[in-house]
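Survey of secondary and tertiary structure
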Amino acid sequence: MSNELSSEWLSVIGKALAFLCVQEVSRSDPKRVPDLVAKVKFLEGIGLPTKEAAALMGTTANSVKTNLRQREKKGDSRGKKGKN
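Definitions and cut-offs
- Each chain has its residues counted from 1, following the order in which its sequence is written.
- Residue-level local features of this predicted model are given only where pLDDT is at least 70; pairs of side-chain atoms are given and counted only at 80 or more, and the full residue set underlies all totals for whole chains, interfaces and linings.
- Values shown for side chains rest on all heavy atoms present in the structure; no hydrogens or waters enter the calculation.
- Convention adopted: a line fitted to C-alpha atoms gives each axis, helices being fitted over their contacting stretch, and angles between N-to-C directions are expressed from 0 to 180 degrees.
- Numbering of helices and strands runs from the N terminus, with a helix taken as a DSSP run of H or I at least four residues long and a strand as a DSSP run of E at least two residues long.
- Our angle categories are set so that under 35 degrees counts as roughly parallel, over 145 as roughly antiparallel, 65 to 115 as roughly perpendicular, and the remainder as oblique.
- What makes a crossing left-handed is the near helix being turned counterclockwise from the far one by less than a right angle; a clockwise turn instead makes it right-handed.
- A contact between two residues is defined here by any heavy atoms of the two lying within 4.5 Å.
- A residue's pLDDT is the predictor's confidence in that residue, given on a scale from 0 to 100.

**Some details on the packing of helix α1 (residues 3-28) against helix α2 (residues 36-45)**
Between α1 and α2, whose axes approach to 10 Å, the crossing angle comes to 130°. Here α1 is positioned oblique relative to α2, judged by the angle of their axes. When the axes of α1 and α2 are compared, the crossing they make is right-handed. Seen from α1, the contacting residues are A18, F19, C21, V22, V25 and S26; seen from α2, they are K39, F42 and L43.

**Details of the confidence of the model for the chain**
Across the chain, the average pLDDT comes to 87, with 88% of residues at or above 70. Mean pLDDT across the elements of the chain bottoms out in helix α4 (residues 61-83) (76) and peaks in helix α3 (residues 50-56) (95).

This is the structure in structure tokens:
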């Protein structure tokens, strides 16, 4: 088996294991990864680039970034209301 082919298979195996990890965490501790953005962030935390993590979850990196930005805006406005 050539090194290039071997490298491709290692990448496939790594992504499959990452997917299984996020699915198991989602099943065993749903509060830890309650939504798609949290799942992508989890995958990033174990070393996947955003683009690949999003693709594993069936979305795009731009969609994840947009959802994260919207979530942060909601969090900021709630924080301001709570302080007044």
